[in-house]
Amino acid sequence: MEYDCCFTNENKWFRYRASAIIVEEGCVLFAGNENDDYFYSIGGGVHMGETAEDAVKREVLEETGIPYEVDHLAVIHENFFCENQSYLKGLDCHEIAMYYVMKPRGTKELKSDSYTQGVKESMHWIPIEDLEKYKAFPTFMKDFLQSEHEGVEHIVTDERQ
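What this report covers is the structure whose coordinates are included nearby. (Residues numbered from 1 in each chain as written. Predicted model: local features only at pLDDT ≥ 70, side-chain atom pairs only at ≥ 80, totals over all residues. Heavy atoms only, no water.)

## A look at the environment of Ser19
By the element assignment, Ser19 lies in strand 2 (residues 12-21). Spatially, the C-alpha atoms of Ser19 and Met102 are 9.8 Å apart, while their sequence positions differ by 83 residues. Setting aside its immediate chain neighbours within four residues, Ser19 contacts Ser41, Ile42, Gly43, Val56, Ala97, Met98, Tyr99 and Tyr100. Side-chain polar atoms of Ser19 contact the side chain of Arg17, separated by 2.5 Å. (Helix = DSSP H or I, 4+ residues; strand = E, 2+ residues; numbered from the N terminus. Contact = heavy atoms within 4.5 Å. Polar contact = N/O pair within 3.5 Å; in protein donor to acceptor, adjacent residues only side chain to side chain.)

## Details of the pairing of strand 4 (residues 27-33)
Taking burial as the measure, the 7 residues of strand 4 include 7 buried ones, the bulk of the element. Residues Cys27, Leu29, Ala31 and Asn33 point to one face of strand 4 and Val28, Phe30 and Gly32 to the other, with burial holding for every one of them. Judged from the 2 bridges that link them, strand 3 (residues 23-24) and strand 4 form a sheet pairing that is antiparallel. Within strand 4, the position partnered with Val23 by the bridge is Val28. Counting the residues between successive antiparallel strands, the hairpin from strand 3 to strand 4 contains 2 residues, one of them, Glu25, with a positive phi of roughly 50°. (Buried < 20%, exposed > 50% of the residue type's maximum accessible area, 1.4 Å probe, protein only. Pairing = 2+ DSSP bridges.)

## Brief notes about the side chain of Arg17
When you line up the elements, Arg17 lands in strand 2. No salt bridge is formed by the buried Arg17; its nearest oppositely charged neighbour, Glu95, is found at 4.1 Å. Side-chain polar atoms of Arg17 contact the backbone oxygen of Gly43, separated by 3.4 Å. The residues contacting Arg17, other than those within four sequence positions of it, are Ser41, Ile42, Gly43, Gly44, Gly45, Val46, Glu95, Ile96, Ala97, Met98 and Tyr99. (Lys, Arg positive; Asp, Glu negative; His and termini not counted. Salt bridge = Lys/Arg side-chain N within 4 Å of Asp/Glu carboxyl O.)

## Overview of the state of the cysteines
Enumeration according to the criterion identifies 0 disulfides in this entry. Of all cysteine sulfurs in the structure, the one in Cys6 sits closest to Cys5, which takes part in no disulfide; the separation is 8.9 Å. The thiol of Cys82 is not disulfide-bonded; the next cysteine sulfur, from Cys93, is found 6.8 Å away. (Disulfide = S-S within 2.5 Å.)

## What to know about helix 1 (residues 52-64)
With 13 residues, helix 1 should cover 18 Å at 1.5 Å per step; its first-to-last C-alpha distance of 18 Å lies within 8% of that length. Among the residues of helix 1, Ala52, Ala55, Val56, Arg58, Glu59, Val60, Glu63 and Thr64 are the ones counted as buried. Against strand 2, strand 4, strand 5 (39-45), strand 6 (70-82), strand 7 (92-102) and strand 9 (119-127) lie the buried residues of helix 1. (Expected span 1.5 Å × (residues − 1).)

## Here we look at unusual backbone geometry
The omega torsion of the bond from Phe137 to Pro138 falls at 10°, within 30 degrees of zero and hence cis. For Pro138, the location among the structural elements is in the loop between strand 10 (136-137) and helix 2 (141-145). Of note, the phi angle at Glu10 is positive, near 55°, even though the residue is not glycine. Here Glu10 shows up in the loop between strand 1 (6-9) and strand 2. Non-glycine residue Glu25 carries a positive phi angle of around 50°. Inspection of the secondary structure assignment puts Glu25 in the loop between strand 3 and strand 4.

Geometry only, nothing functional implied.
Following this line, the structure appears as structure tokens:
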């Protein structure tokens, strides 16, 4: 059995996550499910003893059914939030995520049959120019995708209220 680099201590929750930025034909890929009213990036928890790059390739394959290749590490994201829905309800959350740009394949065709926390996930290609019209996390994605970058960026977001 694999174990994610994740723990809960009282009302605090921490996770080390590997995430993908997948862009095809001017759209970025997000996931959603019937329990949550928002979209989220493709990815998941890094397993103990696993590199973040191996984790993102595994997660992308699990969620999309497609073996995407990593292009480069783009963002180290420190994310603070309080979740009001789903399995994290009432927890003060702290997540560190490595965001990798995946190499485009030239097609949006996927073979997804993914579940998270026992709930069927659906994949959504969202036009980058329309991203602000969607409740999608991480919130930095639209600005990030519409600007030039060199090296790895460190982004901190705090969604706690």
